[in-house]
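# An overview of the molecular structure
Spelled out from the first residue to the last, the chains are:
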Amino acid sequence: MALTETRSDTDATSAGDRARRAPSAVEQLIGSGDHTSIGRLFIGFGFALASLSLTLWALTGVDALTDNGFLGSRPAQLAASAQVALLFLGIVPLLLGVAIAVVPLQLGSPSIAFPRAATLSFWTWLLSSGIFAVSIALDGGVLGGDETAAKLGNVSLGAVLVALSLGAVCVATTVMAHRPLGMRLAWVPGLSWASLVSAALLLVTLGSAIAHTVLGQVGRMGPAALATNFTDGLGWLLRGPAVFVFAIPVLGIAIDVVVTASGRRFAHTDVLQLIVGLYAILAFGAWAQLPSALNTALWTLFAFGITVPILGLLGAIGDSLRQGKPVVSPALILSIVSVLLLMGAAVTGWVQSLSLAGQGTLFGASPATLASAQTAFVAGAALLGGAAASLHWSPLLWGGPGNSVEGRLTVPLLVLGGGLLGTTLLVQSVVQLDGETTAFQIFGLLVAVGAGLLALGGLSALVAAMRATEDPAGEPVQGLTLEWSFPNPAGGGIGLPELARVTSPYPLLDAREGTEDKP
Amino acid sequence: MATAALPAPLQPRRRELIFGTAFATAGVVAVMATLIGYYLAARNAGGADWFSANTIPLTQPNMQALTLAMSVVTMQWAVYAIARDDRTHTYLALGITLLLGAAFVNQSIFLFKQAAVTIEQPEGPLFYAVTVGSLLMVVAGMIFIALMAFRALGGQFSSRQPDGIAAAAVFWYASCAVYAVVWVAVYIMK
């Protein structure tokens, strides 16, 4: 039977069509395999839960300010739970969401690999995150004292880690298998490359962490045993080198934001990929789980070595901005400061190494406070990077240019908060030597202010995203990479049918310059 | 009107399932590597008291290792056969691999009953975390192979698109490799 282009009336109202009703909004939301929808959900909830976790961290600061005025015996539990929640309920899903939404677009792909798995990843993560948050409130989470709540915290944390791993599999597979014709792995945009590297490292790191939650469950551990299991088995996630893993996408976001702002290509994208790769190697921390791994030559090498790729990236960014005429935007400021915050985390690692090497003779800074400082710097960097990504790709993600008041307000809040929180904890560890409690109220105040500013910044970024469609019209973005050829806002299921063979890392710039046919 | 039959344009082969399986396998192996590492650390700390109350025979673990070693050959046979559109041998190889996997599961359960390790004794949680983890990997691999076998029966795989069988093989080999480590770490070293 020949099929005409226009369906006849009888075809259009066939029995099958009449029986098929349109899915409701809730059905669309829950059942969507559209990578942009899943990514947006991850980003939105990531901002919200990061702000909630930071608020909890700020509360522990207020408690110190008031000389243990209202938290009783729970400051340690709440501070540790807040940091774990900040990582796995906040920044990791935030950056994973950015990758899920943007990476397929950067590759010109109509979908993410395994879209149903990506959907499963989000909903499992959201449900488990909710349970983990409830367990924190019930004196569980991590280091909790209540038996049932502590067990609930362990199980839900394990489920969160499994869900995030599943999302990472989808992202990594997309980069490997969904590239268009001609696009070598060496030519994928910065975020795509960083997401691939990050996903691979996350799988190994989170896999190792999952093993400890399994042990907690199989061993039917009570609160005390679970607390020891966390300190000895999962504490390594909150210090270098492993903590740096959670900010790998920040490097890719900075690369892409700077390229778009300067409007010119990086001279050596392969060198940038090497920088990200070196950072990832030095962020691999599953080997340093046991306390005996600290203060070894290899650990010290990792602690100092991570500085090299961070400085390398800062140099490349500076060079690119110097040679181009960059358009200064909130996203550009946030992405540059996020890399600077990573430098703060690296400096904290130096202090940690020196302190451990000179223990008893040089200075005895608190390892726990130093680890918190490193977590704060990395989490701050990741939050700034996530906000930079949300604003930079705002037309694609949210349908507006991202130039609202809330968007601009995000910058000072996050920059001040990220800098203040990490620096305060670093200074505290150096001032309060050998377990002293010097000026603990002042440090409590500064921690509360820093975490509070970061929380407000996260909320501000969320509001900017939600209200982006009402933003005043801005200049269309002259992007260099494929994602900018998609309609705004981007949706899943749309490919690039007229895509020519990719011949460089910057196909849209090639098209504008008429150089796409160059070998 | 007759139209010339044009050849379909050559597209790069999408190895989505193989890459996805490889990444997921890396995560699972990280879980098992950590568990085995902690088992060895605890075993080292336990010294002569480790499993002093239990008798763990070596016959079953050795046979399990041999069973999985044979299954590696049959799994590779399936990959080889589908790549040459030899469907009969593909089904035969997948079936034998599943049979060997079932034999492994059977021997594992028999061994657990023989060893009589309780979860309450100090060695219990780590012993079961490691050995049951390895067993679950094999069971997951069997489910994966069975699903791919059904898809092969449905004609979804051929020499042009053998990814499903190859992906199942990647996970299966990883399961066998993990058991090889468990065999040495738990049963040989005791």
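Residues numbered from 1 in each chain as written. Chains lettered and ligands numbered in written order. Predicted model: local features only at pLDDT ≥ 70, side-chain atom pairs only at ≥ 80, totals over all residues. Heavy atoms only, no water.

### Some points on the overall build of chain B
Per the secondary structure count, chain B includes five helices and zero strands. Sequence-ordered secondary structure for chain B, helices as α and strands as β, is α-α-α-α-α. Expected size for 190 residues packed as a compact globule is a radius of gyration near 16 Å; at 20 Å, chain B overshoots this value by more than 25%. Across the 190 residues that make up chain B, the buried fraction comes to 45%. A total accessible area of about 9,400 Å² is found for chain B, and carbon and sulfur atoms account for 69% of it. Each charge class in chain B was averaged separately, 10 positive and 7 negative side chains, and the resulting centres sit 10 Å apart. (Helix = DSSP H or I, 4+ residues; strand = E, 2+ residues; numbered from the N terminus. Rg over C-alpha atoms; globule rule 2.2 N^0.38 Å. Buried < 20%, exposed > 50% of the residue type's maximum accessible area, 1.4 Å probe, protein only. Areas by Shrake-Rupley, 256 points an atom, 1.4 Å probe, with all protein chains shown as cover. Lys, Arg positive; Asp, Glu negative; His and termini not counted. Charge placed at Lys NZ, Arg CZ, Asp CG, Glu CD.)

### So, the layout of surface pockets
Residues and elements named next belong to chain A. Looking at the largest pocket, its volume works out to about 1,200 Å³. In terms of lining residues, the largest pocket is bounded by 42 residues, among which Ala-79, Gln-83, Ala-368, Thr-369 and Ser-372 are the most central. Looking at the lining of the largest pocket, the elements that each hand over two or more residues are α4 (35–65), α5 (75–106), α9 (223–234), α14 (330–357), α15 (367–392), α17 (405–431) and α18 (440–466). Class assignment for the residues of the lining of the largest pocket results in 22 nonpolar, 16 polar and four charged. (1 Å grid on protein atoms, 1.4 Å probe; cavity = no way out; pocket = protein on both sides within 12 Å on 5 of 7 lines; lining within 4 Å. Points joined across faces, edges and corners; volume = space filled by probe spheres on them. Nonpolar A, V, L, I, M, F, W, Y, C, P; charged D, E, K, R; others polar.)

### Let's talk about the environment of B:Ala53
Within the secondary structure, B:Ala53 sits in the loop between α1 (16–46) and α2 (59–83). Sequence spacing of B:Ala53 and B:Val117 is 64 residues, and the spatial spacing of their C-alpha atoms is 8.7 Å.

### Brief notes about the environment of A:Thr438
Residue and element names in this part refer to chain A. On the secondary structure map, Thr-438 appears in the loop between α17 and α18. Counting along the chain gives ten residues from Thr-438 to Gln-428, while the straight-line C-alpha distance between them is 8.6 Å. Among residues more than four places away in sequence, those in contact with Thr-438 are Val-431, Gln-432 and Phe-443. (Contact = heavy atoms within 4.5 Å.)

### Remarks on the packing of helix α12 (residues 297–305) of chain A against helix α13 (residues 307–323) of chain A
The relative placement of two packed helices is expressed as an angle between their axes plus a distance between the axes. All names here are of chain A. Running from amino to carboxyl end, α12 crosses α13 at an angle of 10°, the nearest separation of the two axes being 5 Å. Relative to α13, the element α12 lies roughly parallel. Contacts between α12 and α13 involve Ala-303, Phe-304 and Gly-305 on the former and, on the latter, Thr-307, Val-308 and Pro-309. Tallied by class, residues from the contact of α12 with α13 come to four nonpolar, two polar and no charged. (Axes fitted to C-alpha atoms, helices over the stretch in contact; angles between N-to-C directions. Parallel < 35°, antiparallel > 145°, perpendicular 65-115°, else oblique.)

### A short note on the confidence of the model for chain B
Residues and elements named next belong to chain B. Predicted confidence across chain B gives a mean pLDDT of 91, with 93% of residues reaching 70 or more. Here residues 8–12 scores under 50 on pLDDT; set against residues more than four positions off or in separate chains, the count is one contact. Taken over the whole predicted complex, pTM reads 0.92, whereas the ipTM for its chain interfaces reads 0.91. (pLDDT = per-residue confidence, 0-100.)

### Here we look at the environment of B:Val31
Considering the arrangement of structural elements, one finds B:Val31 in helix α1. Along the sequence, B:Val31 and B:Gly133 sit 102 residues apart, while their C-alpha atoms lie 8.9 Å from each other. Ignoring anything within four residues of it in the chain, the contact list for B:Val31 reads A:Gly207, A:Ser208, A:Ile210 and A:Ala211.

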